[in-house]
Structure formats: C-alpha cells, structure tokens
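Observations on the three-dimensional arrangement
Chain by chain, the residues:
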Amino acid sequence: NAGVTQTPKFRVLKTGQSMTLLCAQDMNHEYMYWYRQDPGMGLRLIHYSVGEGTTAKGEVPDGYNVSRLKKQNFLLGLESAAPSQTSVYFCASSLQGNTEAFFGQGTRLTVV
Amino acid sequence: AQSVAQPEDQVNVAEGNPLTVKCTYSVSGNPYLFWYVQYPNRGLQFLLKYITGDNLVKGSYGFEAEFNKSQTSFHLKKPSALVSDSALYFCAVRASGSARQLTFGSGTQLTVLP
C-alpha cells in the first residue's frame, strides 16, 4: 500500500520556468490538498479538492494552478516560477472531512 | 476564517517528565481537531483527532489531547516524555459544516532532553 506518492522529490527551477508536481493516492480518498511549508510559517494551504473534477483555492493560491481529472491524482502547476515559491510542497489526502489526512514525503523545490 | 494558534515555537522537557504542547483554534461551528507529528525530512504523521464525544482523546505513541470548548483549546499531552518524541508538532482544525479546508498551526518544536 503506497499511500500518497509525490513526484518529483527534488527540483531546481530557473525563474520563469514552469513545472508540474504530481500527487497520487491509492486509498480511494475524496479529499486532496496541496500545502507549502516554510520555516516558522507552518503549512499553508495552496489548493484543495473535495472530489474528482473539483478544485478550490486555499490560503495562498496565487501563482499556482491545480487539476483533479482523476480521483487518484492531484496535480499542482507553477506557470512561471519565482524565487518566492522556493519551499517544501506537501500533498495530502483524506477519505472525508472528519477523517485524518495522509501526507506524501514532500517535494523540495528551489527557484533560482 | 478559521485559524489555529500554537503559541510556543519551542518546548523543552526532560526525559521522563510530562509534556504539553498548546493549541487554540478559531472556527465557525463545531470543530474537527487533529494533531500531527513531523520528523526531519519527512511528511506529517497523524497522531490523534477529536470529532465528537469524550473530550479526552487518546492517540498513537502514548499521546493524548483534551478538547476544551469554552477555552477553544486542544492541548497535546504525554505523561512521560521520551527522547524519541523530539519532533515538530502541528495542530490542525476543520469546521464540521460546509468549509472543507484543513488549517494548520505554525508548529511547535519539541525537544526532549536526556
């Protein structure tokens, strides 16, 4: 049982480049989330989804886009990377709103 | 908007002593409350949750938390700390109504001293 898998684990981008982070879960969860973690700021919600084909903005959505075309996958896109997007990105999923979330191992992104 | 406050960035405790990591929350309606732990270079791991019922919730690795509605708090506790408990702890909240967002606090670094 793989749980939540994030791809890639590390990435270095140049300012202005684009990329897509992939999150895959094999637990048939309805809810999926993308967070960024920065020192001293905890986890901040970027976007989330409550089911296949749905997405919603979180606390810090600017500069990011997401898609949930398949229930098991939640993609996070950076259209034009900026140094302020240097962070560790975590994907998570939960069965429903009152159940615990399961987290991936994280993606460390550096924008130079 | 819902929010979580963890007032202590750092908590130090001696091994064998009881530990408390504080959390207060703000949410419309009834809360769903969670505690997670993060070890270095790892994702978050679930410890325990409060949904409804008994205010004292028991979780993994001997941790427990007490839900206090009047004080809007959900403090994490353990009777006897271990060095291996040293990690970053996060409290999280979601409203039980229509809001779907899971909001995290800024985290508390727990260090258990041998």
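On a predicted model such as this, the values are computed, not experimentally measured, just so you know. (Residues numbered from 1 in each chain as written. Chains lettered and ligands numbered in written order. Predicted model: local features only at pLDDT ≥ 70, side-chain atom pairs only at ≥ 80, totals over all residues. Heavy atoms only, no water.)

**Some points on the overall build of chain A**
The condition that has to hold: A helix here means a DSSP run of H or I that spans at least four residues, while a strand means a run of E at least two residues long, and both kinds are numbered starting from the N terminus. The globule rule used here is 2.2 Å times the number of residues to the 0.38 power, and the radius of gyration it is set against is calculated over C-alpha atoms. The cut-offs for exposure are 20% and 50% of the maximum accessible area for each residue type, with area from a 1.4 Å probe on protein chains only; residues under the lower value are buried, those over the upper are exposed, and the others partly exposed.
Counting secondary structure elements, chain A contains 0 helices and 11 strands. Starting at the N terminus and walking to the C terminus, you meet the elements of chain A as β-β-β-β-β-β-β-β-β-β-β. In terms of overall dimensions, chain A is globule-like: its C-alpha atoms have a radius of gyration of 13 Å, near the 13 Å expected for 112 residues. Each of the three principal axes of chain A carries a C-alpha extent, and together these read 35 × 25 × 25 Å. Counting across all 112 residues of chain A, residues that qualify as buried make up 52%.

**Focus on the pattern of salt bridges**
Put simply, the test is: Counted as salt bridges are all cases of a side-chain nitrogen of Lys or Arg within 4 Å of a carboxyl oxygen of Asp or Glu.
Applying the stated criterion across every chain yields a total of 7 salt bridges over all chains. Two residues, Asp38(A) and Arg36(A), come together in a salt bridge whose shortest N-O distance is 2.9 Å. A single burial state applies to Asp38(A) and to Arg36(A), both of which are buried. Among the ionic pairs, Lys58(B) bridges to Glu64(B), the shortest N-O distance being 2.9 Å. When its relative accessible area of 61% is taken as the criterion, Lys58(B) is described as exposed. Linked by salt bridges that have partners in common, Arg36(A), Asp38(A) and Arg44(A) make up one network.

**Some thoughts on the interface of chain A and chain B**
The following threshold applies: Any two residues whose heavy atoms approach within 4.5 Å are treated as being in contact. Simply put, the buried area is the total loss of 1.4 Å probe accessible area from both parts when two parts are fitted together. Whenever a nitrogen or oxygen atom comes within 3.5 Å of another N or O atom, the pair is scored as a polar contact, on the condition that within protein one atom can donate a hydrogen and the other can accept it, and that pairs from neighbouring residues in sequence are kept only if both atoms are in side chains. Amino acid classes used here: Ala, Val, Leu, Ile, Met, Phe, Trp, Tyr, Cys and Pro are nonpolar; Asp, Glu, Lys and Arg are charged; the rest, including Gly, are polar.
Across the contact, 26 residues belong to chain A and 20 residues belong to chain B. Between chain A and chain B, a total of about 1,700 Å² is buried, with carbon and sulfur atoms accounting for 53% of that surface. Put simply, chain A and chain B have 1 salt bridge between them. The residue Lys49(B) makes a salt bridge to Glu100(A) at a minimum N-O spacing of 3.2 Å. For the interface between chain A and chain B, the tally reads 6 residue pairs in polar contact (both at pLDDT 80 or more). Among the secondary structure elements, those contributing two or more residues to the side of chain A that touches chain B are strand S4 (31-38), strand S5 (42-49) and strand S9 (87-94) of chain A. Its residues assigned to classes, the side of chain A that touches chain B shows 11 nonpolar, 11 polar and 4 charged.

**As for the environment of Lys22(B)**
Within the secondary structure layout, Lys22(B) lies in the loop between strand S3 (19-21) and strand S4 (24-26). Taking the C-alpha atoms as reference points, Lys22(B) and Phe74(B), separated by 52 residues in sequence, lie 7.0 Å from one another.

**Some words on the sheet that holds strand S7 (residues 64-67) of chain A**
Residue and element names in this part refer to chain A. Quick note on the threshold: In this description, strands pair whenever DSSP reports at least two bridges between them. Axes, fitted as lines to C-alpha atoms, cover a helix only where it is in contact. Angles between the N-to-C directions of the axes lie from 0 to 180 degrees.
One open sheet holds the 4 strands; their spatial order is S1-S3-S8-S7, and the pairing between them is antiparallel. Bordering the open sheet on either side are strand S1 (4-7) and S7, each of which pairs with just one other strand. For this sheet, the mean inter-axis angle between neighbouring strands, taken without regard to orientation, is 20 degrees. As paired elements, strand S3 (residues 19-25) and strand S8 (residues 73-78) share 6 bridges and run antiparallel to each other. Paired with Leu-22 across the strands is Leu-75, a residue of S8.

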